[in-house]
Amino acid sequence: MSNDTFNNDHSIQEQPESSVKANGVQPISAQTTGYTFNHTMLRVKDPVKSLAFYTGVLGMTLLAVKKFPAMGFDLYFLAKLTESERENLPSGNDLEIFAFRQRGILELTHNYGTETKVDFSYHDGNQEPQGFGHICFNVPDLNAAVAWFDENNVEFKKRPDEGSMKNIVFIKDVDGYWIEIVQADLMA
């Protein structure tokens with residue numbers, strides 16, 4: 001694949017000088033101005049348990065719910081908001097528009113009936129065949145976060161002092177999806 005494969009538009013902007021360079025990185029096309037990476041979707045077995053985990057343990061806010069009963073599924077859109085964002089959150093249709101303009105939204109998809117199937121579970125992407133790996137949250141204090149997760153009986157895949165990658169935590173949500181927990185100033 002040539003470097004011109006994805007950028008046929010001659011109206012481009014070079015990547016920022018301080019950005020990381022790697023094979024395959026292309027200039028930014030003017031055609032993508034205004035694009036926002038909005039959300040990642042995870043399928044969940046039981047939305048009540050998942051919503052309790054993501055709002056109660058990770059402090060996310062539910063911004064939108066889309067129900068599709070004829071197709072047998074519902075969608076829940078959550079964000080990790082700042083205090084200011086929570087205080088100034090719009091309502092009604094404006095809240096839904098707000099949700100789809102954000103970065104880093106989590107969409108939980110519930111397919112009807114999965115919550116009643118005892119042996120049902122989704123593939124977490126970390127077993128063979130591997131695919132999806134994890135989502136990640138940055139926290140201000142990794143040790144305090146670990147204590148909070150312990151207090152809430154969250155399952156750990158990896159604690160900060162385990163393995164060769166120190167100061168990185170992996171927890172599991174109620175469906176077994178891995179969630180990486182990092183403290184930004186410990187990542188450099």
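Here the structure is a predicted model, which means the values were calculated and not measured. (Residues numbered from 1 in each chain as written. Predicted model: local features only at pLDDT ≥ 70, side-chain atom pairs only at ≥ 80, totals over all residues. Heavy atoms only, no water.)

Engineer: I would appreciate a short explanation of the UniProt feature "binding site: Zn(2+)" (unreviewed entry) in the protein in the present structure.
Structural biologist: The UniProt feature table records "binding site: Zn(2+)" (unreviewed entry) at Glu107, His134 and Glu180. Contacts of Glu107, omitting those with residues within four sequence positions, involve His39, Thr40, Met41, Leu42, Leu75, Tyr76 and Phe77. A polar contact is formed between the side chain of Glu107 and the side chain of His39, at a distance of 2.7 Å. Here Glu180 lies in strand β10 (residues 178-182). Overall, the relative accessible area of 11% leaves Glu180 in the buried class. Non-local contacts of Glu180, meaning those with residues more than four positions away in its chain, are made with His134, Ile135, Cys136, Phe137, Ile168, Val169 and Phe170. Within the structure, Glu180 has its side chain in polar contact with the side chain of His134 (distance 2.7 Å). (UniProt positions renumbered as here; feature names shortened; annotations may be inferred. Contact = heavy atoms within 4.5 Å. Polar contact = N/O pair within 3.5 Å; in protein donor to acceptor, adjacent residues only side chain to side chain. Helix = DSSP H or I, 4+ residues; strand = E, 2+ residues; numbered from the N terminus. Buried < 20%, exposed > 50% of the residue type's maximum accessible area, 1.4 Å probe, protein only.)

Engineer: Just checking my understanding: could you explain the pattern of salt bridges for this structure?
Structural biologist: Between side chains of opposite charge, a pair can form when the charged atoms approach closely. Under the counting rule described, the total for this entry stands at four salt bridges. Among the ionic pairs, Glu96 bridges to Lys66, the shortest N-O distance being 2.5 Å. One end of the pair, Glu96, is in helix α3 (residues 92-99); the other, Lys66, is in strand β4 (residues 61-68), with 30 residues separating them in the sequence. Overall, the relative accessible area of 26% leaves Lys66 in the partly exposed class. (Salt bridge = Lys/Arg side-chain N within 4 Å of Asp/Glu carboxyl O.)

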